[in-house]
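So the chains spell out like this:
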Amino acid sequence: MASTVNDSAGARPGYGQLLRTRGAWTFLLPGFLARQPFAMLTIGILLLVNDTTGSYGTAGTVSATAGVAMALFAPQSGKLADRFGQAAVLMPGVVVHAAAISLLTALALSDAPLWALLAAAVPAGASTPQIGPMVRARWANKLEGSPLMSTAAAFESVTDEFTFVIGPVLATALCTGVHPAAGLVAEAVLTLAGGLLFASQRRTQPQPSRGAAGEAGGKRVSALSVPGVRVLAIVMLGIGTVFGGMQVSMTAFTKEMGEPGLNGLMYGAFAAGNMIAGIVCGVVAWRSSPQRRLLLAYPLLVLATTPLWAAHHMVLLGALGMAVGLCIAPSLITGYTLVEKLVPPGARTEAFTWLTGAVGLGQAAGATVGGRLIDAHGASTGFLVPLGGTAAALVVLLLLRKALTPRSESVVAARGVGHREPVSVD
């Protein structure tokens, strides 16, 4: 790992340099395949259950249940991966997930009662493989102390958003063009195949900590014990409400306008904005700290969500959705970048899963609340959810922003040193 850091430390932190990191492609390609189902799960559940029940509220509730289960169990999965290795968690996990999705699909198609759908949604969400956090942990393991870490965070954000461009479009096309259950079936197959392939790449996974890394004073450190991680989790929770609220609201809006087949395209425009912003963030050699960037980016996200509810035309909503996407990536990237500064190496997979889980929990809450609002008042009211979720998270961020300052920087500031350690950039 030391040679990797030294080789990249003096280079401009760009994508070309990042992708030349030794061994990167061995986990990037399998990781890209394995993370595709993540973006298909909630919308696949939403479309299938809405088709079988005719209610956005019910569909949102089942989808939200899976999201809540994922959010609650993801950090435990990350903690186990830190302790025993990623492969040891992934290999049984993807088999359980495929079986749970099969059960949920069968129950939905047989018009099972709501309680049965909710019961099946719990293991389906809880067993969702956390490929994104595992890839990020591999980057952090290889690039610790390197200026390329911020570039890696941007690259992962772009990859996530590319997934969110492909996943919803693919799931929607399968559900509307082939069969209402086709999206979830494809999700289960991709999870099983991609997850097993990624798990087989053992050389690049971080070494299991078991009792060494991630400890302080002989005691194992939980990522959630770091105050900054708790603040970042709230930030990600707000971002999750944007994903969930936009997903269910765009589904309802396109159906209300008589063009349900355009749902994937509309959500794709939103995700494309996020992807474009992520690409830009990755090629910029930032001089400001990630803490400052987060405090600038998040208010812009709140502002961008404000006019969504008033849009009543497809083109306008698509443009506003892309604008929201453009404002999400900077917040996501800086949040994940801060993990490398705030959390000990042996707890980073857990930290990344807390953040990803918070996004999933926010997505679930956004889909549930948005679905209820839509059933009661129409599609446009669902767009109030992203605004409310991000505004509440912004208040917490502003009040607790000092928790995002790494301990080493706090000590330097307390001693009166008024400059930051320079980063070598061409």
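Structure's up top.
Residues numbered from 1 in each chain as written. Predicted model: local features only at pLDDT ≥ 70, side-chain atom pairs only at ≥ 80, totals over all residues. Heavy atoms only, no water.

**Quick look at the packing of aromatic side chains**
The tally for this structure, following the rule as stated, stands at five aromatic pairs. For the ring pair phenylalanine 27 and tryptophan 139, a centre distance of 5.3 Å and an interplane angle of 75 degrees mean the geometry is edge-to-face. Of this pair, phenylalanine 27 sits in helix H3 (residues 24–53) while tryptophan 139 sits in helix H7 (residues 131–143), and the two are 112 residues apart along the sequence. Just as phenylalanine 27 is buried, tryptophan 139 falls in that class too. Here the aromatic rings of tyrosine 336 and phenylalanine 352 are separated by 5.9 Å at their centres, their planes lie at 40 degrees, and the arrangement is tilted. Of this pair, tyrosine 336 sits in helix H13 (residues 314–342) while phenylalanine 352 sits in helix H14 (residues 348–377), placing them 16 residues apart in sequence. Since its relative accessible area comes to 0%, phenylalanine 352 is described here as buried. (Phe/Tyr/Trp six-rings, centres within 6.5 Å; stacked < 30°, edge-to-face > 60°. Helix = DSSP H or I, 4+ residues; strand = E, 2+ residues; numbered from the N terminus. Buried < 20%, exposed > 50% of the residue type's maximum accessible area, 1.4 Å probe, protein only.)

**Some points on the packing of H13 against H14**
With their axes 10 Å apart at the nearest point, H13 and H14 run at an angle of 155 degrees to one another. Viewed along their axes, H13 and H14 adopt a mutual orientation that is roughly antiparallel. When you trace H13 past H14, the crossing you get is right-handed. Here Gly335, Tyr336, Val339 and Glu340 of H13 come into contact with H14, specifically with Arg348, Ala351, Phe352, Leu355 and Thr356. (Axes fitted to C-alpha atoms, helices over the stretch in contact; angles between N-to-C directions. Parallel < 35°, antiparallel > 145°, perpendicular 65-115°, else oblique. Left-handed = near helix turned anticlockwise from the far one by under 90°. Contact = heavy atoms within 4.5 Å.)

**Some points on the nonpolar core**
Counting 73 residues, the largest nonpolar core has Ile239, Phe270, Tyr298 and Ile328 as its most contacted members. Among the elements that line this core, the one with the most residues is helix H10 (residues 227–256), at 14 residues. With residues near it in sequence (within four places) discarded, tyrosine 298 still touches Val235, Gly238, Ile239, Ser331, Thr390, Ala393, Leu394 and Leu397. Residues Ala34, Val89, Met149 and Ala153 belong to the second largest nonpolar core, which totals 31 residues. (Core = buried A, V, L, I, M, F, W, Y, C linked by side-chain atoms within 4.5 Å.)

**Overview of the environment of glycine 357**
Position of glycine 357 among the secondary structure elements: in helix H14. Remark: the alpha-carbon pair of glycine 357 and glycine 240, spanning 117 residues in sequence, is separated by 9.2 Å. Excluding residues that lie within four positions of it along the chain, glycine 357 makes contacts with Met70, Ala71 and Ala74.

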